[in-house]
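Inside the fold
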Amino acid sequence: MSAAFNKNGNPTGRRIEKRGSQVRYWYLGPACVVLVAATYLLRQIREATLKEPGSSAPIRLFEGFASFKEGKGTSSHVDDVSDLRNVAWGRAGVPGKVVWADDLKMNESDTLRSAFAVSGMDLGVPPVVLVGEES
């Protein structure tokens, strides 16, 4: 997960977080809750792997973004995860795309950072798997 800041250092949205007049910025509402929970989870994974001698298997990190879904009915987190996996693995039939760090900025003057850097885990800016949009 990544965090974007404008040229004055203030939090700002990323390109994927705005659709028309709707926004799902990383620093507002449920996104903050997910970010904090993910920080705790990644800290535990990192600490567990550092304790194990010889545990050098890479962990591939990406952010899943399944907001702005159209349709009626109950949302299914299981379906969201399945769609994210299918887009990440390039399987046909699920609209979506992978957005690389260079394409996340809304403005060229914005800066992107690892959202986990604040907790001492600068994991870089991972790609974002976006579902619900055509490539």
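Let me begin by describing the structure that accompanies this report. All chains use their own residue numbering, which begins from 1 and follows the written sequence. Local features in a predicted model are, by the rule used here, given only for residues with pLDDT of at least 70; side-chain atom pairs are given and counted only at 80 or more, and totals for whole chains, interfaces and linings are based on all residues. For side-chain calculations, the full set of non-hydrogen atoms in the structure is used, while hydrogens and water are omitted.

Here we look at the packing of aromatic side chains
The aromatic pairing rule takes the rings of Phe, Tyr and Trp, using the six-membered ring of Trp, and pairs them if the centres are within 6.5 Å, calling planes under 30 degrees apart stacked, those over 60 edge-to-face and the rest tilted. This model, assessed by the stated rule, comprises three aromatic pairs. Look at Phe5 and Trp26: their rings are 5.6 Å apart centre to centre, the planes differ by 70°, and that puts the pair in the edge-to-face class. Here Phe5, found in strand 1 (residues 2-5), pairs with Trp26, found in the loop between strand 4 (22-23) and helix 1 (29-51); they are 21 residues apart in sequence, far enough to count as distant. Any residue under 20% of the maximum accessible area for its type is buried, any over 50% is exposed, and the rest in between are partly exposed; the area is computed with a 1.4 Å probe on protein chains only. On the basis of relative accessible area, Phe5 is assigned to the partly exposed category, the value being 22%. Its relative accessible area of 13% is what places Trp26 among the buried residues. On the numbers, 5.3 Å between centres and 80° between planes, the contact of Trp26 with Tyr27 is edge-to-face. In this text, helices come from DSSP runs of H or I with a minimum length of four residues, and strands from runs of E with a minimum of two, each type numbered from the N-terminal end.

A closer look at the sheet that holds strand 8 (residues 128-131)
Strand order in the open sheet made by the three strands is 5-8-6, with mixed pairing throughout. The open sheet has two edge strands with one neighbour each: strand 5 (63-65) and strand 6 (96-99). Here the strands of the sheet are splayed against their neighbours by 20° on average, with no regard to which way each runs. One ladder, built from three bridges, connects strand 5 with strand 8; its direction is parallel. Looking across to strand 8, one finds that Phe65 is bridged to Leu130. We call two residues contacting when some pair of their heavy atoms lies within 4.5 Å. Interaxial angles span 0 to 180 degrees and are taken between N-to-C directions of axes, which are lines fitted to C-alpha atoms, for helices over the stretch in contact. Helix 2 (residues 77-88) contacts strand 5, strand 6 and strand 8 of the sheet and is inclined by roughly 115° relative to strand 8. Any two strands between which DSSP finds at least two bridges are classified as paired.

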